[in-house]
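Structural description and commentary
Read off the chains here:
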Amino acid sequence: MADGLSTVSNGAPGPESRSMGMLKGAQMTDHADLQPPRSGGRLDPLQIVFWLSVALGVAAAGVAITAGPSVGRAGAVLLILLAAAGMVLFFWMSRGAGRRFGAFPERGAIAAAVFTNARSEFAVIDALDEAALITDRALSPLAANATYINLAEAAGALGGSDRPPIMSRLFGADPMLSAPMFRLAKAAGQGQSRREDLPATAIDGRTTRYEASVGPMPGGYVLWRLRELGVSENTEGGAEARQLFLDDAPVGFFAARADGAIIYMNRALRAVLGVGEDPSELRVKDVIKEDAGRVLRRDRRGFGPTRVRITLRGRDGMETQASALSFWPDEETDGAARILVFFSDAEAPEAPAQPRGEAGAADGVFDHAPFGAAVLDCTDPASAALLDANGALMEMTQGRAAPGSAFADLFEASEGPNALAQRLRKAINEPTELVLATQPPTAVHVHFARGADGRGLAYVTNVSQQRELETRLAQSEKMREIGELAAGVAHDFNNLLTVVMQTCSYLLRRHPVGDADYPLLREITDNATTAKELSEMLRAYARQQTFAREVFDVGDFVGARQELIRRIVGASIQYEIRHGRDLPYVKVDKTQLERVLVNLATNARDAMTPKGAQIPKEGKLTVRTSTISAEAARGLGHNPIEDGEYVLIEVEDTGSGIKPEHAAKIFRPYHSTKEAGKGTGLGLATSYGIVKQSGGYIFFTSKMGQGTTFRIFLPVYDPTQEELDEIAAKERALLTPATKDVAGRGKILFVEDQTAVRRSIARNLKECGYEVEEAENGEEALEILERSPGAFDIIISDVSMPIMTGPEMLEEADPKMIGEAKVLFLSGYAPESFSSMLEHYPVHYMSKPVTMEQLVGRVKELLAAA
């Protein structure tokens, strides 16, 4: 309710013409008591002297400029002095001194002076027994009578200004007076007359009701009047009679404002509650057990008073069941709701049976519907305003569906208001998907229906979870396709790498250390090994690796990799292993689990490395092993996880932690928070794929500035006696030092469909002393086996081949054809079903690409075990 309130609206002319005519035609001879602005209503000598000085200074400056040559250097100096003095004077005046001493009149002061001097006939306002104020059309105060000035002083609105305040400032920030004062301001701006009865307000500690009016005056001025409504004008006897009737009524009655403050309570209700004569300190929530909003709710749908069942709560703690009928008067003179309280069902007024049942049912469905529902003021959803909204819609819109707001404002208009209007109107015929303007945005379906009373009904259904599930499903399908593509690419890529690595191994034997070509060949080999690791990561992410699962003890496994982890993290980071007691066995691929540990250790090292530094300065990496149940894992906040017992591997660092915005993305491929050039973004994605393919789970917890803990849950495995014997044999074999000699003897059948791969591997095997017979596919290998049954010491075969795959060849071959030969499969990509074959048949597996040393070493190992 600012002084400069915008003046646009309609207003009915009030009965002002008669009084305005009296003012216009009156002849006054004495206006000594008129209250103009205290300093702005006249032009005092100080102002005249100031402006004359300014004019003389400007004239002197003009002479100095135009007649510069004739006045000489003295004129230039005079000009500089005048400019300096003018600047000082200007800043002195602009800082308030000029206004304080009267040099600058306030806005409207000259108009007020002219008004006072030229229109002395309007001094008749001082003869009025009511407060009067004269403003211009822009609501700038010009003059007021003594009654108005006294009222402004009592209200504390006079302030330090020398002009009277606008009428709206007399009532402070009372929200009950905003609307009537706004309507008066509109009428004044439009040159119309209007009268308003103001709600009771307190000025100088006295609560009084006023009648305010505005009317135009000749010359574009506006007359404001404020008339106090005394007790006699409010029919004091009638008011007392009404209050006496309410006090003696046999039913309860109270009035309460929207904030819950009780302003009146009759005798019957006070007796039930056990409160004193003055209930002004009470609030609705103090006397009603249920939510106060049920009683004070303003029904804007036109269904009439609200009927609810309530529980009265007395001062002594006693509770009384009652029925309440609440309503808000059409003319909100005091801004309070009226509530009738019936202490028994027989006292409650009965509405016609059928309409009441319909209203109650409709009200219940509207309030408690699990979807959003709204009542609109018209049948065009694009331009309609909300009359009411149920709780579901209020929660869905985060409280923005308030009555009176535009329905279209609830939705995002990223495509423009016209496009939003079209989509809203489309909801009349069919459900339309829109996005609520919430944080975060919420996807909804909107359906619109026309009511019989000309109002609109909107139904809003939250479909954000459905959209999220659809997005996840689409993402899952996309990632599955990417996985299949990665696995296929890895197969062909691994075959190419196999040729490169086998050829480099062959050339390195002919160009040993000291040869000029040795560094170049070594560089090719090293880069091929890096490419192999990237290929393995892609296959692990796609969960298309062939796992050679082994039964082993996790504690021994982690302990054996202690030196490997130490080399990764560096000497500046403290490394500690804490083993749990009596750890059960697990059955997973050792090589893949080692890759997971290496990835986690590498990430921990990078997290403990300061930004911009090459090596970490300090920190601690802790690896713990233990046994845990699924229930205990859920207690740590890790879910979902299937019931059962698990071996837990924890990798904890004291690094910088993971930011919350990255937490949901760390297992995604190519998501990396490291500096450019550090990391591939596949480490954690690879680890996730390996653990999931092993039948386990991987979770993490992190705190910024404290560190991160990754937890790997591997299912417990109960080994057979044969598997225990095999574990013991492997442990004994570890005591025998490994030989570096690649030379050997034996007859090998090598089956491979890729000619380059077959030739490179066969050449290296022959170079090491083995007799090799080659076959291009499974059928050709069967023919060789038929011609020479049991003639081979080892059969090496690719898995995926055209015509007949390696496993199919093995199944077709007669045991006599195989004889005592060991079977070793090589593949850059093998189907997932091949992993189960490794567990049920006495076959062995190596993943491409392999170097000559790796392949020959495995061949010698198999032949030695024969």
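Check the entry above for the structure.
What comes next is a walk through the structure. Predicted model only: the values in this text are computed from it and were never measured. (Residues numbered from 1 in each chain as written. Predicted model: local features only at pLDDT ≥ 70, side-chain atom pairs only at ≥ 80, totals over all residues. Heavy atoms only, no water.)

Comments concerning helix α18 (residues 562-569)
For the α-helix, the turn length of 3.6 residues means that residues three or four positions removed from each other point alike. Within α18, burial applies to I565, I568 and V569. Across the axial projection of α18, the buried residues extend over an arc of 85°, all falling on one side. Those residues of α18 that are buried lie in contact with β18 (574-578), α19 (590-607) and β20 (620-629). (Buried < 20%, exposed > 50% of the residue type's maximum accessible area, 1.4 Å probe, protein only. Helix = DSSP H or I, 4+ residues; strand = E, 2+ residues; numbered from the N terminus. Arc of directions from axis to C-beta. Contact = heavy atoms within 4.5 Å.)

Looking at the pattern of salt bridges
Taken as a whole and assessed by the stated rule, the structure comprises 24 salt bridges. Put simply, R561 and E594 hold a salt bridge, and the shortest N to O gap is 2.9 Å. With a gap of 33 residues between them, R561 in the loop between α17 (554-560) and α18 and E594 in helix α19 connect regions that are remote in the sequence. You can call E594 partly exposed: its relative accessible area is 27%. (Salt bridge = Lys/Arg side-chain N within 4 Å of Asp/Glu carboxyl O.)

Remarks on a nonpolar patch on the surface
Together, L485, V489, F493 and L496 line one region of the surface with nonpolar side chains, adding up to about 390 Å² of accessible area. Structurally, the position occupied by L496 is in helix α15 (residues 464-510). A relative accessible area of 59% places L496 in the exposed class. (Patch = residues over 30% accessible without salt bridge, like charges linked within 9 Å, V, L, I, M, F, W, Y side chains within 5 Å. Areas by Shrake-Rupley, 256 points an atom, 1.4 Å probe, with all protein chains shown as cover.)

A look at the sheet that holds strand β21 (residues 645-653)
Taken together, five strands build an open sheet; the order of strands is β18-β20-β21-β23-β22 and the sheet is mixed. Unpaired on one side and paired on the other, β18 and β22 (697-703) mark the two borders of the sheet. For this sheet, the mean inter-axis angle between neighbouring strands, taken without regard to orientation, is 15°. As paired elements, β20 and β21 share nine bridges and run antiparallel to each other. Bridging from a neighbouring strand, S626 pairs with L648 of β21. The sheet strands contacting α18 are β18 and β20, and the helix crosses β18 at an angle near 150°. Packing against the sheet, helix α22 (residues 683-693) makes contact with β22 and β23 (707-715), and its axis sits at approximately 140° to β22. (Pairing = 2+ DSSP bridges. Axes fitted to C-alpha atoms, helices over the stretch in contact; angles between N-to-C directions.)

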